[in-house]
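# Summary of structural features
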Amino acid sequence: MAVAEVTLPSNSGRAARARATRSNVDQIEVKIAGRRFRTTEVFDTYWRFAARRQDIYRQRLRGDAGPWTDDPILRAHRFTNCYRAADRVSQYLIREVIYDGDQDFAEVTFRTLLFKFFNKIETWELLNDELGQTPTWADFDLDTYDKVLSRHFKTGRRLYSAAYVMAPPKLGAERKHSNHLRLLRDMMRADVPAALQAAESMSDAFDLLRAQPGIGDFLAFQYLIDLNYSSGLDFDEMDFVVAGPGARDGIRKCFGPAAAGIESEVISYMAHHQGEHFERLGLKFDGLHGRPLQLIDCQNLFCEVDKYARVAHPAIAGVSGRSRIKQKFAPVREALTSWFPPKWGINQA
C-alpha cells in the first residue's frame, strides 16, 4: 500500500533548521507503486486548491454574494468544481438527460452518448426543439438528425463544446457531426448497452468503449463515468481510473518525471490518502454532502491544478509546456443545481 511520510533534511544550524521547516511544509516523501518521490510544492497546492475550490462551490450553492475567495488566481480564472458531477454540464446531463425519460438502459445509453458526443447543452436542446420531443433510439432516424445539425452548422452555429477535443470517427461522412451520428447508430445496432451491462468490471466496460471508432482512452473513460451515473450500471468509481493529458501534466508538476507510467496509481494514492493530507495541512474539506473525492474527481483535480500552477508555480513544468490559463472567470446568472445520481444517497443532504 502507498504510504506518505514527512522527511526532514539532515542538516544542522539555524539556516538548516529554517530549510527543514520549509521542506516540511512544501515537500514530503511519498511511496507509490514501489517508487519513492519527494513531492514538489505543487503537491500541497493540490490540496489547498481543492479546499478553496470546494469552499467556493458551497458558498455559491448557498446563494452567497461573491467574491467567494481572496485567492487572486481563483478570482481571475475559470476552474471546474472539485467534483465532476457538480459541474454545470454534468448536472444538466444527470438531471435533464439521463434521468429524464425512459429508463430502459438502451434508451439511457442512446441519450447519454448523443449528448456527450457533442457535450454541449445548446446542441441537445436544439435537437429537442427541432424534433419536437426528447430524442429516442426507438424513433431514431439518422437522416433527420443529420439534416437538423447540418442546417444549423451552415449558419455558423457551434455544435461541439470546446471543453475537450472530440476526434471525428472515420465512418464515411463529410462532416464530423454526421460521423458521430453514424457511430451512435452503429453502437446501438451492435447492442453496446447490453455489452456494457454484461461487463464484469469497469475496466472491461472501458475496453468495450475504447474499441469504438474515434474513441480514445480519455473519451472512453469520460463516457463510462457518464453512463455509470445512470441506474443501469453500478460500477464503483473507486475501481478504475484513466489519466487524461491534463492530469498527466498535473501529476508531473506534483511528483516530477519519475511518475510517468504509474499515473493511475498516483491518482489512486490521492483518493485513498486525501483525509491525511487535508488534516496535515489544516484544511477543512467535508466532501460532497459527505462523499469523499473519488478517482475521477482526483483525476480532474490534477487537470485543474496543472492550470492553477501555471500562474502559482510558473517555474515547474508539466508535460505539455503550457504556461497560460486561457479561460477567465465570468459568473453565470443561473443558480447552481445540486442533484446527483439517486443511488449515491446524498441528494437529501
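Residues numbered from 1 in each chain as written. Predicted model: local features only at pLDDT ≥ 70, side-chain atom pairs only at ≥ 80, totals over all residues. Heavy atoms only, no water.

### A word on helix H12 (residues 245-255)
Since one α-helical turn is 3.6 residues long, residues separated by three or four positions face the same way. When we look at burial in H12, the residues that qualify are Ala 247, Asp 249, Gly 250, Ile 251, Lys 253, Cys 254 and Phe 255. Looking at the buried positions of H12, the neighbouring elements they touch are strand E2 (29-32), strand E3 (35-38), helix H2 (41-62), helix H13 (263-272) and helix H15 (295-312). Gly 256 lies just past H12 and shows a positive phi near 85°. (Buried < 20%, exposed > 50% of the residue type's maximum accessible area, 1.4 Å probe, protein only. Helix = DSSP H or I, 4+ residues; strand = E, 2+ residues; numbered from the N terminus. Contact = heavy atoms within 4.5 Å.)

### Some details on the pairing of E2
Relative to E3, E2 runs antiparallel, the two sharing four bridges. Each residue of the ladder has a partner; that of Glu 29, found in E3, is Arg 38. (Pairing = 2+ DSSP bridges.)

### Things to note about the environment of Lys 147
In this structure, Lys 147 sits in helix H7 (residues 142-154). Judged by relative accessible area, Lys 147 falls into the exposed class, the value being 58%. When the C-alpha atoms of Lys 147 and Ser 178 are compared, they prove to be 9.1 Å apart, with 31 residues separating the residues in sequence.

### Here's the deal with a negative patch on the surface
Taken together, the side chains of Glu 96, Asp 100, Glu 125 and Asp 129 define an acidic patch exposed on the protein surface. Position of Glu 125 relative to the elements: it lies in helix H6 (residues 121-131). (Patch = residues over 30% accessible without salt bridge, like charges linked within 9 Å, V, L, I, M, F, W, Y side chains within 5 Å. Areas by Shrake-Rupley, 256 points an atom, 1.4 Å probe, with all protein chains shown as cover. Salt bridge = Lys/Arg side-chain N within 4 Å of Asp/Glu carboxyl O. Lys, Arg positive; Asp, Glu negative; His and termini not counted. Charge placed at Lys NZ, Arg CZ, Asp CG, Glu CD.)

### A few points about the environment of Met 202
When you line up the elements, Met 202 lands in helix H10 (residues 202-210). Owing to a relative accessible area of 2%, Met 202 belongs among the buried residues under this scheme. Once residues lying within four places of it in the same chain are set aside, the contact partners of Met 202 are Phe 221, Leu 224, Ile 225, Asn 228, Phe 235, Asp 236 and Phe 240.

### Here we look at the nonpolar core
Note on soluble globular proteins: their nonpolar side chains tend to be buried together. Phe 255 and Phe 302 are the most contacted members of the largest nonpolar core, which has 103 residues in total. Broken down by element, the residue count for this core peaks at nine residues, all from H15. Residues in contact with Phe 255, not counting those within four places in the same chain, are Val 30, Ile 32, Phe 37, Thr 39, Phe 43, Val 266, Met 270 and Phe 302. (Core = buried A, V, L, I, M, F, W, Y, C linked by side-chain atoms within 4.5 Å.)

### Section: the packing of aromatic side chains
The full count for this structure, using the stated rule, is 25 aromatic pairs. Look at Phe 79 and Tyr 308: their rings are 6.0 Å apart centre to centre, the planes differ by 55°, and that puts the pair in the tilted class. Taken together, the residues span a long stretch of sequence, with Phe 79 in the loop between helix H3 (72-76) and helix H4 (88-98) and Tyr 308 in helix H15 at a distance of 229 residues. Classification of Tyr 308 as buried rests on a relative accessible area of 6%. (Phe/Tyr/Trp six-rings, centres within 6.5 Å; stacked < 30°, edge-to-face > 60°.)

### With respect to unusual backbone geometry
Positive phi is not limited to glycine here, since Asp 191 has a value of about 55°. Position of Asp 191 among the secondary structure elements: in the loop between helix H8 (176-189) and helix H9 (192-198).

The values reported here are purely geometric and, on their own, carry no functional implication.
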